[in-house]
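Breakdown of the fold
Each chain, written out:
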Amino acid sequence: MECLGIHHVAIIASDYPRAKRFYTETLGLAVIAEQYRAERRSYKLDLALPGGSRIELFSFPEPPARSSWPEATGLRHLAFAVRDVAATLAELSAKGVRTEELRVDEVTGKPMAFFFDPDDLPLELYQV
């Protein structure tokens, strides 16, 4: 297999309008496409990430709850590369986003911190 990169990460939201506002307005991700799939009673929103990757944001009627803390089994978290973790953390906190304190990655020595989307999914800021 020749892996060329990550194409997309899919997220299922419990409240689609709230999640759409968070990812587009709070995080500033650009909308590539949005569609309503009537047969599934589901929205699909494609959001652009730098470098060509995407986030696919879905809604489904009554999705089951999922463990959300970073140490739960399954996909651990989605990390966003930023130039300044402390400044980005302050910006998100000012917008009312729940954040954790600034940390230093013990392996790389780089600043990092976790924050959470409206469904409490763990997201990470990682300084590059």
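Structure: see above.
Residues numbered from 1 in each chain as written. Predicted model: local features only at pLDDT ≥ 70, side-chain atom pairs only at ≥ 80, totals over all residues. Heavy atoms only, no water.

1. Quick word on the nonpolar core
Residues Tyr 23, Ile 55, Leu 57, Phe 80, Phe 115, Leu 123 and Leu 125 are the most contacted members of the largest nonpolar core, which totals 24 residues. Looking at this core, the elements with two or more residues in it are β1 (8-13), α1 (16-26), β3 (42-48), β4 (54-59), β5 (78-82), α2 (85-94), β7 (111-116) and β8 (122-127). No other element matches the four residues that α1 contributes to this core. Not counting chain neighbours up to four residues away, the residues in contact with Leu 57 comprise Ile 11, Ala 13, Tyr 16, Ala 19, Lys 20, Tyr 23, Tyr 43, Lys 44 and Leu 45. (Core = buried A, V, L, I, M, F, W, Y, C linked by side-chain atoms within 4.5 Å. Buried < 20%, exposed > 50% of the residue type's maximum accessible area, 1.4 Å probe, protein only. Helix = DSSP H or I, 4+ residues; strand = E, 2+ residues; numbered from the N terminus. Contact = heavy atoms within 4.5 Å.)

2. Observations regarding the sheet that holds β8
Spatially, four strands are ordered β5-β8-β7-β6 in an open sheet, and the strand pairing comes out mixed. Sheet topology places β5 and β6 (103-104) at the edges, where each strand pairs with a single neighbour. Here five bridges tie β5 to β8, and the two strands are oriented parallel to one another. Pairing of Leu 78 across the sheet is with Leu 123, part of β8. (Pairing = 2+ DSSP bridges.)

On their own, these measurements won't tell you what the molecule is for.
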